[in-house]
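Here is how the chains run, residue by residue.
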There are 2 protein chains.
Amino acid sequence: MHLILNFSSKIVENAVKALSGFPGVGQRSALRMVMFLLKRPKEEVEQMAYALQQLKTELKICKECFNVSDAEVCDICRSPNRNHQLLCVVEDMQDVMAIENTAQFNGLYHVLGGIISPVEGIGPDALKITELIKRIENGDFKEIIIALNATIDGDTTTFYLARKFSQYPELIVSTISKGISVGSELEYTDEITLGRSFLSRIPYQI
Amino acid sequence: MHLILNFSSKIVENAVKALSGFPGVGQRSALRMVMFLLKRPKEEVEQMAYALQQLKTELKICKECFNVSDAEVCDICRSPNRNHQLLCVVEDMQDVMAIENTAQFNGLYHVLGGIISPVEGIGPDALKITELIKRIENGDFKEIIIALNATIDGDTTTFYLARKFSQYPELIVSTISKGISVGSELEYTDEITLGRSFLSRIPYQI
């Protein structure tokens, strides 16, 4: 049944409509959120509105690794404490966060912005692969670790990338070990397992 | 286990923190919301931020009924099509919405802003009861319908109000019938049941 709410206020209605745009948030939950906001101090709500706005006005994409960043080049890419000869290829921002959480990786990242998915019509051209190749050619990387979800799409993308990398025979290409359970998604793996999969990474065989 | 996320961006972190302030929204859900916003057009996110801000900058409390309102006096209180001799006392905005949805009530509302709850330390003084009495004395009401949750706190408040109203012997005081199941909350009752409880309202006996 589609729920129709009778709003006595357009302002409340607009806020409910805006919040019920989130995935998994229905009109009832959105109304509950609005009720919550009505009881909070004005400053807090304005701060929230400002934080959301900043996502669109201030947030940048690092021009090196394509991760979200507050500056033109992100903190990781700029850091002298990271190993600039080690590159980890991931699908998105959340994977960077998951890997950083393990404290087992000290190299740089390359965020593809997705994975190859024939079902969803996402081909290699939709991803930052050209940029990745360019980065490898201009950079000084000794090893590339491909760290994608252990799904069919992830495996397809890993295979595609490994084939691309094979034109650089001096480059070590590895994938994180399947310590993470097959079929599961990277961002949900616990730190210990994900960390171990980094330590026991294996050279990728085509 | 408390989840600690490693954010590569302060802006993303701020947005996640802001959204995880909502009741029932954890850091993971908030991060998912932020990821969703990052993929939406700038205009949509700014509209959402604006809608939330307006809750605090533009939204008013009707000075007649204390419901949320876009103007000094709300649409219902101003409407010549409503019965201005019939007053319905409710706990909050959501109850007004639930009752409006039944299309069985055509009078005015009075929003208490809560109910008497000894457990939560909410006494009569925290509610708009003085304002309600004043409104009755200055108004031309023939009947007051008390429509509060069928809970112990709701019953306590109904009793308290009915005793207050007993000083106006010409006033008919009624409560919505317990067609709504005892122990349940008003805002979750289906329209038919809630509507019937209005039609079969009964005079309140102290």
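Coordinates for the structure precede this section.
Values in this document were obtained by computation on a predicted structure and should not be read as measured data.

Novice: Which parts of the structure should I look at to understand the state of the cysteines?
Specialist: Every disulfide links exactly two cysteines, by a covalent bond between their sulfur atoms. On inspection of all chains with the given rule, the structure shows zero disulfides over all chains. This cysteine, A:Cys74, is not joined by any disulfide, and A:Cys65 carries the nearest cysteine sulfur, 3.7 Å off. Of all cysteine sulfurs, the one in B:Cys62 lies closest to B:Cys65, which takes part in no disulfide; the gap is 3.7 Å.

Novice: How should unusual backbone geometry be read in this particular structure?
Specialist: For residues besides glycine, phi is generally negative; the peptide bonds are generally trans as well. With a phi close to 55°, A:Ala103 is a non-glycine residue in the positive phi region. The phi dihedral of B:Phe66 falls on the positive side, at around 70°, and the residue is not glycine.

Novice: I would appreciate a short explanation of the pattern of salt bridges in the present structure.
Specialist: Side chains that differ in sign of charge can pair as their charged atoms come close. Under the definition given, this model contains eleven salt bridges over all chains. Taking the shortest distance from any N to any O, the salt bridge between A:Glu13 and A:Lys10 comes out at 3.7 Å. With A:Glu13 and A:Lys10 both in helix α1 (residues 10-19), this residue pair falls three residues apart, about one helical turn. One salt bridge in this structure joins B:Asp75 and B:Arg78, with 2.8 Å as the shortest N-O distance.

Novice: Would you take a moment to explain the environment of B:Val111 for this structure?
Specialist: Relative to the assigned elements, B:Val111 resides in strand β4 (residues 108-111). With 15 residues separating them along the chain, B:Val111 and B:Val96 place their C-alpha atoms 8.1 Å apart.

Novice: Honestly, the interface of chain B and chain A in this entry has me stumped. Any pointers?
Specialist: One frequent convention defines the size of an interface as the accessible area lost when the parts assemble. Between chain B and chain A, the contact holds 55 residues from the first and 55 residues from the second. Counting the surface lost from both chain B and chain A, the interface buries some 5,400 Å², and carbon and sulfur atoms represent 69% of this. When the buried surface of chain B facing chain A is broken down by residue, B:Ile11, B:Lys56 and B:Met97 rank first, second and third, together holding 13% of it. Scanning the region where chain B abuts chain A turns up zero salt bridges. Mapped by element, the contributors of at least two residues to the side of chain B that touches chain A are α1 (10-19), α2 (27-39), α3 (42-57), β2 (68-69) and α5 (93-102) of chain B. The greatest single-element share of the side of chain B that touches chain A, amounting to twelve residues, is contributed by α3(B). When its residues are assigned to classes, the side of chain B that touches chain A shows 30 nonpolar, twelve polar and 13 charged.

Basis of the calculations
- All residue numbers refer to position in the chain's written sequence, counted from 1.
- Here the convention is simple: chains get letters from A, ligands get numbers from 1, in the order in which they are written.
- Two thresholds apply to this predicted model, a pLDDT of at least 70 for residue-level local features and 80 or more for giving and counting side-chain atom pairs, whereas whole-chain, interface and lining totals are computed over all residues.
- Heavy atoms throughout the structure, all of them, feed into the side-chain values; hydrogens and water do not.
- A pair of sulfur atoms, both from cysteines and within 2.5 Å, is called a disulfide here.
- One speaks of a salt bridge when a side-chain nitrogen belonging to Lys or Arg is within 4 Å of a carboxyl oxygen belonging to Asp or Glu.
- Note on conventions: DSSP H or I runs of at least 4 residues are helices, E runs of at least 2 residues are strands, and numbering of each starts at the N terminus.
- The contact definition used throughout considers only heavy atoms, calling two residues in contact when any of these lie within 4.5 Å.
- The buried area of a pairing is the accessible area, by a 1.4 Å probe, that goes missing from both parts when the two are put together, added over both.
- Polar here means any residue outside two lists: the nonpolar Ala, Val, Leu, Ile, Met, Phe, Trp, Tyr, Cys and Pro, and the charged Asp, Glu, Lys and Arg; Gly therefore counts as polar.

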